[in-house]
Amino acid sequence: MSYVRLKIAVMAIAFSAAAAPAGHAEILAIRNCNWCHGASGQGYMPAPRLAGQRPQYVAAQLMNFSSHARDNPFSKMYMWGAAANLSHQAVHDLAAYYSTLSPRAANDGDRALAAEGWSIYQQGMPDANIVACVVCHGPNAEGVRGIPRLGGLAYSYLKRRLEQWGEGFHAAAGPPMPGIAGKLSQNQIEALASYLSFVK
Amino acid sequence: MRGFDAIRTGGKTTASSLRRIDSKPRHDRSKRRISGAVGFALPIAFLAVAFAGVCRASDANTVAVGGIQAKIAYCKDCHGPSAQGYDGYFPIPRLAGQQTEYLENQLRAFIEHRRTNNIMFNVAHALSPGMVSALAENFKGLNPRPIGGAPTQFVAQGRKIFQDGVPDANVAACAACHGPEATGSGPIPRLAGQLYPYLIKELVNWGKERGQNPTKPDTSAIMSPVAHSLNKSEIEAVAAYVSYLK
């Protein structure tokens, strides 16, 4: 697989949209990524940062969008269409490409809540039956294999994802995340999202 | 180890389907309990009213059903919907079918710093003794399929080590203590179906993780020379073998 070739393709398409061969669904979809997720994959609202994300996670999510398993409002609005015509190879290549970009931390959470977020992430709250996120997502929230990186994602994205599991948008996440997120209070969600937005 | 990804994706589907399969019998069981109790409900209601004060006093010593169910769900958030284990950033062991005596001893070991693990220290601290035995009893009764995923090429070598030991390294047969089916007994843990990466982590780090409180020597000392005498490839082989046992 050629990261370089793909990167060149993505860049070329991003900067010369008019030159993209019309009607070629896969290439149009690649160009679409950069419109919302940024040319360096750092994300904009409401599209999350893809740079440095676990490739297995990105690939799984693209397949979840295309099968409509991930069904929150923004997914329906943007990603169902974007992922509709991706081939298996395109999914694989896109996931591999974004995983090679260096992520920057969003740093956009509430600093006053970060300490509480750290405590929930690293230690959990055993009395409230809330598990420690670190066990699966890793000491620096870097993720592993198909378990996503959380470190440095935007506060608003992290907050929305944690809220949505509690609201019934479950389909794309197997256990345990819907159950865990459903037990978090609004304040705990904001604390976690704040802490994680600062993690490099 | 990175090659497990495809298997893991499959494992997730299995995990969610297991939860679905799981939840039905759980409902049925509670229904049965309710219908069985109907005949007694009325007299019990009278008794409850009559002895309300007495009952309230005894409640303090029992584990509320909601309390234990919520705690089981909490354990399963990490250890898997059927307690089959989960390979997160750190491998999280299978608890299903585990010996109750072993499980209870490990939860005490975390609290007494015999076994070092910050996460499990916090978890175990929040458990009452009644809760610990109720959890151990619950996990003992579960029997999900092993999650698998270990490399298969050394399974035969692992079986040989498990059944015959490594005489040259003075390692006795694992089966001698853990049983021919690796189901364990009393304080000796079940190994059958345990996570491959977890087994390796424990065997490699035995002397750094277990028996860490010199004032409280424990049964982990029995395994110390064994873990020390096995080399890396022998550990991987025997871990692969037991990880597939049902």
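Residues numbered from 1 in each chain as written. Chains lettered and ligands numbered in written order. Predicted model: local features only at pLDDT ≥ 70, side-chain atom pairs only at ≥ 80, totals over all residues.

Novice: Can you tell me about the overall build of chain B, naming the residues and giving the values?
Specialist: Within chain B, the secondary structure is distributed over twelve helices and two strands. Across chain B, helices and strands are ordered from the amino to the carboxyl terminus as α-α-α-β-β-α-α-α-α-α-α-α-α-α. By residue count, 30% of the 246 residues in chain B fall in the buried class. (Helix = DSSP H or I, 4+ residues; strand = E, 2+ residues; numbered from the N terminus. Buried ≥ 20, exposed ≤ 12 C-beta atoms within 10 Å, placed from the backbone.)

Novice: Break down helix H8 (residues 155–166) of chain A for me, citing the residues and quoting the values.
Specialist: Residues and elements named next belong to chain A. If you check H8, its first and last C-alpha atoms are 17 Å apart, about what twelve residues at 1.5 Å a residue would give, namely 16 Å. Along its buried surface, H8 packs onto helix H9 (177–183) and helix H10 (186–198). A positive backbone phi angle near 105 degrees is found at glycine 168, which sits one or two residues after H8. (Expected span 1.5 Å × (residues − 1). Contact = placed C-beta atoms within 7 Å.)

Novice: Can you explain helix H12 (residues 232–243) of chain B? Please cite residues and give values.
Specialist: Residue and element names in this part refer to chain B. Along its twelve residues, H12 runs 16 Å from first to last C-alpha, staying within 8% of the 16 Å computed at 1.5 Å per residue. Along H12, the residues classified as buried are Glu236, Ala237, Val238, Ala239, Ala240, Tyr241, Val242 and Ser243. In this structure, the buried residues of H12 make contact with helix H7 (155–164), helix H8 (174–178) and helix H9 (196–204).

Novice: Before we move on, can you summarise the environment of cysteine 75 of chain B with the specific residues and values?
Specialist: Residues and elements named next belong to chain B. With respect to the helices and strands, the residue cysteine 75 is situated in helix H3 (residues 65–79). Its 18 C-beta neighbours within 10 Å are what place cysteine 75 among the partly exposed residues. Between the C-alpha atom of cysteine 75 and that of leucine 95, which follows or precedes it by 20 residues, the distance is 9.4 Å.

Novice: Now, about the interface of chain A and chain B: what can you tell me, with residues and values included?
Specialist: Taken together, the contact pairs 22 residues of chain A with 23 residues of chain B. Elements that contribute at least two residues to the side of chain A that touches chain B include exactly helix H3 (55–66), helix H7 (134–137) and H9 of chain A. For the side of chain A that touches chain B, the element with the most residues is H7 of chain A, which contributes three residues. Split into classes, the residues belonging to the side of chain A that touches chain B amount to eleven nonpolar, nine polar and two charged. (Nonpolar A, V, L, I, M, F, W, Y, C, P; charged D, E, K, R; others polar.)

Novice: A description of the packing of helix H4 (residues 100–111) of chain B against helix H5 (residues 118–125) of chain B should follow, citing residues and the corresponding values.
Specialist: Residues and elements named next belong to chain B. Following both chains from N to C, one finds H4 and H5 inclined at 110 degrees, their axes separated by 8 Å at the closest point. Put simply, H4 runs roughly perpendicular to H5. Contacts between H4 and H5 pair Leu107, Phe110 and Ile111 from the former with Met120, Phe121, Ala124 and His125 from the latter. For the contact of H4 with H5, the residue count by class is six nonpolar, one polar and no charged. (Axes fitted to C-alpha atoms, helices over the stretch in contact; angles between N-to-C directions. Parallel < 35°, antiparallel > 145°, perpendicular 65-115°, else oblique.)

Novice: Talk me through the packing of H9 of chain B against H12 of chain B; I want residue IDs and the actual numbers.
Specialist: In helix packing, the relevant descriptors are the interaxial angle and the interaxial distance, both defined with respect to the helix axes. Residue and element names in this part refer to chain B. Where H9 meets H12, the axes come as close as 9 Å, and the angle between the chain directions of the two elements is 140 degrees. It follows that H9 is oblique to H12 by the angle criterion. In this structure, H9 meets H12 at a crossing whose hand is right-handed. Contacts between H9 and H12 involve Tyr196, Leu199, Ile200, Leu203 and Val204 from the former and Ile235, Glu236, Ala239, Ala240, Val242 and Ser243 from the latter. (Left-handed = near helix turned anticlockwise from the far one by under 90°.)

Novice: Explain the domain arrangement of chain A residue by residue, including any values.
Specialist: Domains assigned within chain A are domain 1 (3–99) and domain 2 (111–198). Taken together, the residues of the side of domain 1 of chain A that touches domain 2 of chain A break down into five nonpolar, seven polar and four charged. (Domains from an automatic or database assignment.)

Novice: So what's going on with the environment of glutamine 99 of chain B? Residues and values would help.
Specialist: All names here are of chain B. When you line up the elements, glutamine 99 lands in the loop between strand E2 (91–92) and H4. Between the C-alpha atom of glutamine 99 and that of threonine 183, which follows or precedes it by 84 residues, the distance is 8.0 Å. The contact partners of glutamine 99, leaving out residues within four places of it in the chain, are Gly184, Ser185, Gly186, Ile188, Pro189 and Arg190.

Novice: Give me the confidence of the model for chain A: which residues, what numbers.
Specialist: On average, residues of chain A score 86 in pLDDT, and 82% of them are at 70 or above. Within the model, the stretch residues 7–26 of chain A combines pLDDT values under 50 with 22 contacts to residues more than four positions away or in other chains. (pLDDT = per-residue confidence, 0-100.)

Novice: Run through the nonpolar core, naming residues and quoting values.
Specialist: Ranked by internal contacts, the top residues of the largest apolar core, which has 32 residues, are Leu158, Leu162, Leu192 and Leu196 of chain A. When contributions to this core are tallied by element, the ones reaching two or more residues are helix H6 (114–123), H7, H8, H9 and H10 of chain A together with H3 of chain B. Here this core gets six residues from one element, more than from any other, and that element is H10 of chain A. Here leucine 158 of chain A is in contact with Leu150, Leu153, Leu192, Ala193, Leu196 and Ser197 of chain A, once residues within four sequence places are set aside. (Core = buried A, V, L, I, M, F, W, Y, C linked by C-beta atoms within 7 Å.)

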